[in-house]
Amino acid sequence: MTVNVAENKGLEDVVVGPSSISSIIDDVLTYRGYSIDDLTENASCFEEIVHLLWYGRLPVQSELVALRDAIVAGAIIPVPVLGWMATVSRDANPMDVLRTAVSMLGLYDPQRDENTAEANLSKAIRLQGQIAALVAAFERVREGLQPLDARPGETLAWNFLYMMTGKEPDALSVKAFERALILHADHEFNASTFAARQTASTLSDMHSAITSAIGTLKGPLHGGANTAVMQMLQEVGTAENAEPWIKDALAKKKKIMGFGHRVYENGDPRAKHLRAMSKELAVRTGEPKWYEMSITIDDVVKREKGLLTNVDFYSASTYHYLGIPGDQFTPIFAVSRLSGWAAHVMEQLANNRLIRPRAEYTGPGHQVFVPIQAR
Ligand code: COA
């Protein structure tokens, strides 16, 4: 018997399987039952969330330090991958570089041919550090600089900002980045996570699943939206130009990036935290224009179209204030979401069955083959 859900285009509202990792119920996002608001306000660092996602519970201090240090220790990029990166065109899309580099990591992983729960946890720990190191390394390489090593004793957020900018980050930048990482860590069966689970369900390997996920995250309807928001802010240019620019775009039926969501009805609960971070950074940098432009766009789109911001909207100005180039925003999303992807791959494999849905066939029927000479 087949169940036909074809009228739910894009699988809207279709529940495709169980998960105990994160949930969205009545517009409240939780990771393992903790609300995202609670975690964002109170977690000391992103690694607490990584522990929560992978081990199913919050760490005690010794466990947190052990995980933090294991991630930093694993943040080593194999020499051949770095050598390849040096050959990549400097104007390459950093998401394409990341997708290819993560795939290459699979070739050099010491547990390449193992797909046990223990091996996958070890791979996840290595990948968590390596993905941050890869994103930062490409930034350095394309600027003609040497990649930097992660510094033991510091968190992934601290290390990422350090490896990317070459400067020791200040406390406010680290706080903003920790929060951004926490907010992007997981989001139940979003498109890239589902891609990762589907790949894992064939009993392929962790690196293949993460590579599938990165390719899926790249699109502007998903993770690529934060880069697109920055492009929009740059085009808009000033807070005064925001209202006419948005009205013109809406009149032309253009989609405004960073607005709307498939699942949330009354707004994405992650957006307000990033809005607050953007405001705090605007004050600190003395360059309020990016925040002011953002709140004007937020107001106009809400008024004109009834659409609310999603996680990608205020993450754009937040990352810009941290000195990160716009095309690196989606790779940063991947640095955080690696934690969720890996948790889902492990959950899928713990109770696996091949994911193989059916299609509603809409093509012609009863065709009779005509040999090529007679066509
Ligand atoms: N700007 C303008 N109109 C939008 C819109 C946006 N950001 N998001 C949705 N809409 C409109 C659509 O044009 C459509 O209108 P119509 O019925 O008159 O054609 C309606 O709202 C439904 O949109 P649809 O694209 O079918 O919704 P969806 O559930 O398939 O898509 C998103 C959800 C997130 C893909 C969609 O809101 C979007 O494209 N947003 C911009 C990209 C983005 O920020 N992505 C990151 C998501 S976290």
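Residues numbered from 1 in each chain as written. Predicted model: local features only at pLDDT ≥ 70, side-chain atom pairs only at ≥ 80, totals over all residues. Heavy atoms only, no water.

Details of the overall build of the protein chain
Alright, step 1. Looking only at helices and strands, the protein chain has 16 helices and three strands in total.
Alright, step 2. Its C-alpha atoms give the protein chain a radius of gyration of 22 Å, within 12% of the compact-globule value 21 Å for 375 residues.
Alright, step 3. Across its three principal axes, the protein chain shows a C-alpha extent of roughly 70 × 55 × 45 Å.
Alright, step 4. Here the protein chain holds 375 residues, and 51% of them are scored as buried. (Helix = DSSP H or I, 4+ residues; strand = E, 2+ residues; numbered from the N terminus. Rg over C-alpha atoms; globule rule 2.2 N^0.38 Å. Buried < 20%, exposed > 50% of the residue type's maximum accessible area, 1.4 Å probe, protein only.)

Some points on the site of the ligand
Alright, step 1. Near the ligand lie 17 residues; those nearest to it are K255, I256, G258, F259 and R262.
Alright, step 2. L221 is positioned with one of its backbone polar atoms (N or O) 3.1 Å from a nitrogen atom of the ligand.
Alright, step 3. I256 places a main-chain nitrogen or oxygen 2.7 Å from a nitrogen atom of the ligand.
Alright, step 4. The protein chains hide 63% of the 850 Å² of surface that the ligand would expose on its own.
Alright, step 5. Assessed atom by atom at 2 Å from the grid points, the ligand resides in the largest pocket. (Near = heavy atom within 4 Å. Polar contact = N/O pair within 3.5 Å; in protein donor to acceptor, adjacent residues only side chain to side chain. Areas by Shrake-Rupley, 256 points an atom, 1.4 Å probe, with all protein chains shown as cover. 1 Å grid on protein atoms, 1.4 Å probe; cavity = no way out; pocket = protein on both sides within 12 Å on 5 of 7 lines; lining within 4 Å. Sits in = over half its atoms within 2 Å of the grid points.)

Digging into the side chain of T199
Alright, step 1. With respect to the secondary-structure elements, T199 resides in helix α9 (residues 191–201).
Alright, step 2. You can call T199 buried: its relative accessible area is 17%.
Alright, step 3. Separated by 2.8 Å, the side chains of T199 and S212 make a polar contact.
Alright, step 4. Excluding residues that lie within four positions of it along the chain, T199 makes contacts with S204, S208, A209 and S212. (Contact = heavy atoms within 4.5 Å.)

Here's the deal with empty space enclosed by the protein
Alright, step 1. Taken as a whole, this structure holds one cavity of 30 Å³ or more when the rule is applied.
Alright, step 2. Along the walls of the largest cavity sit M85, P94, V97, L98, L134, V135, F138, Q328 and P331, which together make up its complete lining.
Alright, step 3. Mapped onto the lining of the largest cavity, the elements with two or more residues apiece are α5 (94–108) and α6 (117–142).
Alright, step 4. Looking at side-chain class alone, the lining of the largest cavity contains eight nonpolar, one polar and no charged residues. (Points joined across faces, edges and corners; volume = space filled by probe spheres on them. Nonpolar A, V, L, I, M, F, W, Y, C, P; charged D, E, K, R; others polar.)

A short note on the pattern of salt bridges
Alright, step 1. Scanning the model with the defined rule gives 21 salt bridges in all.
Alright, step 2. With a shortest N-O distance of 3.1 Å, D37 and K272 are connected by a salt bridge. Taken together, the residues D37 in helix α1 (residues 36–42) and K272 in helix α13 (residues 271–285) connect sequence positions 235 residues apart.
Alright, step 3. The salt bridge partner of D69 is R68, with a shortest N-O separation of 3.0 Å. (Salt bridge = Lys/Arg side-chain N within 4 Å of Asp/Glu carboxyl O.)

What about the layout of surface pockets?
Alright, step 1. Size it by volume and the largest pocket reaches roughly 1700 Å³.
Alright, step 2. Looking at the largest pocket, it is lined by 49 residues, and the ones nearest its centre are F189, N190, H261, R262 and V263.
Alright, step 3. Ranked by the residues each element gives to the lining of the largest pocket, the list is headed by strand β1 (residues 22–25), at four residues.
Alright, step 4. Counted by class, the lining of the largest pocket contains 22 nonpolar, 13 polar and 14 charged residues.
Alright, step 5. The residues that make up the lining of the largest pocket include at least three from each of domain 1 (19–219 + 327–350) and domain 2 (225–321). (Domains from an automatic or database assignment.)

Some thoughts on α6
Since the α-helix turns once every 3.6 residues, residues separated by three or four places project in the same direction.
Alright, step 1. Relative to the 38 Å expected for 26 residues at 1.5 Å per residue, α6 spans 37 Å between its end C-alpha atoms, a close match to the ideal helical length.
Alright, step 2. The element α6 is extensively covered by neighbouring structure, given that 22 of its 26 residues are classed as buried.
Alright, step 3. Directly beyond the C-terminal end of α6, a positive phi value near 75 degrees is found at G144. (Expected span 1.5 Å × (residues − 1).)

Observations regarding the packing of aromatic side chains
In this description, a pair of aromatic rings is defined by centroid distance and the angle of the planes.
Alright, step 1. All told, the structure shown has seven aromatic pairs when counted by the stated rule.
Alright, step 2. Ring geometry for Y319 versus F329: centroids 5.3 Å apart, planes at 65 degrees, classification edge-to-face. Residue Y319 is found in helix α15 (residues 311–321), and its partner F329 is found in helix α16 (residues 329–350); the two are separated by 10 residues along the sequence.
Alright, step 3. The class for Y319 is buried, based on a relative accessible area of 1%.
Alright, step 4. A connected cluster of aromatic rings, assembled from ring pairs, spans F160, F177, Y319 and F329.
Alright, step 5. Between R151 and the ring centre of Y162, over which it is positioned, the NZ or CZ distance is 4.8 Å. (Phe/Tyr/Trp six-rings, centres within 6.5 Å; stacked < 30°, edge-to-face > 60°. Lys NZ or Arg CZ within 6 Å of the ring centre and 35° of its normal.)

A word on the pairing of strand β2 (residues 28–31)
Alright, step 1. In the sheet, β1 pairs with β2 via four bridges, with the strands oriented antiparallel. Directly across from S22, in β2, lies its bridge partner Y31.
Alright, step 2. Across two bridges, the pairing between β2 and strand β3 (residues 34–35) is antiparallel. Looking at the pairing, Y31 lines up with Y34 of β3.
Alright, step 3. Here β2 folds back onto β3 in antiparallel fashion, the turn holding two residues, of which R32 has a positive phi close to 50 degrees. (Pairing = 2+ DSSP bridges.)

Some details on the domain arrangement of the protein chain
Alright, step 1. Per the domain assignment, the segments of the protein chain are domain 1 (19–219 + 327–350) and domain 2 (225–321).
Alright, step 2. At the interface, 25 residues of domain 1 touch 25 residues of domain 2.
Alright, step 3. With both chains or domains summed, domain 1 and domain 2 bury close to 2100 Å², and 62% of this area falls on carbon and sulfur atoms.
Alright, step 4. Note that K175 is salt-bridged to E280, the shortest N-O span being 3.2 Å.
Alright, step 5. On inspection of domain 1 and its partner domain 2, the count reaches 12 residue pairs in polar contact (both at pLDDT 80 or more).
Alright, step 6. For the side of domain 1 that touches domain 2, the elements supplying multiple residues, two or more each, are α1, α8 (171–184) and α16.
Alright, step 7. The dominant element in the side of domain 1 that touches domain 2, judged by the number of residues it contributes, is α8, at nine residues.
Alright, step 8. The class makeup of the residues in the side of domain 1 that touches domain 2 is 11 nonpolar, six polar and eight charged. (Buried area = accessible area lost by both parts, 1.4 Å probe.)

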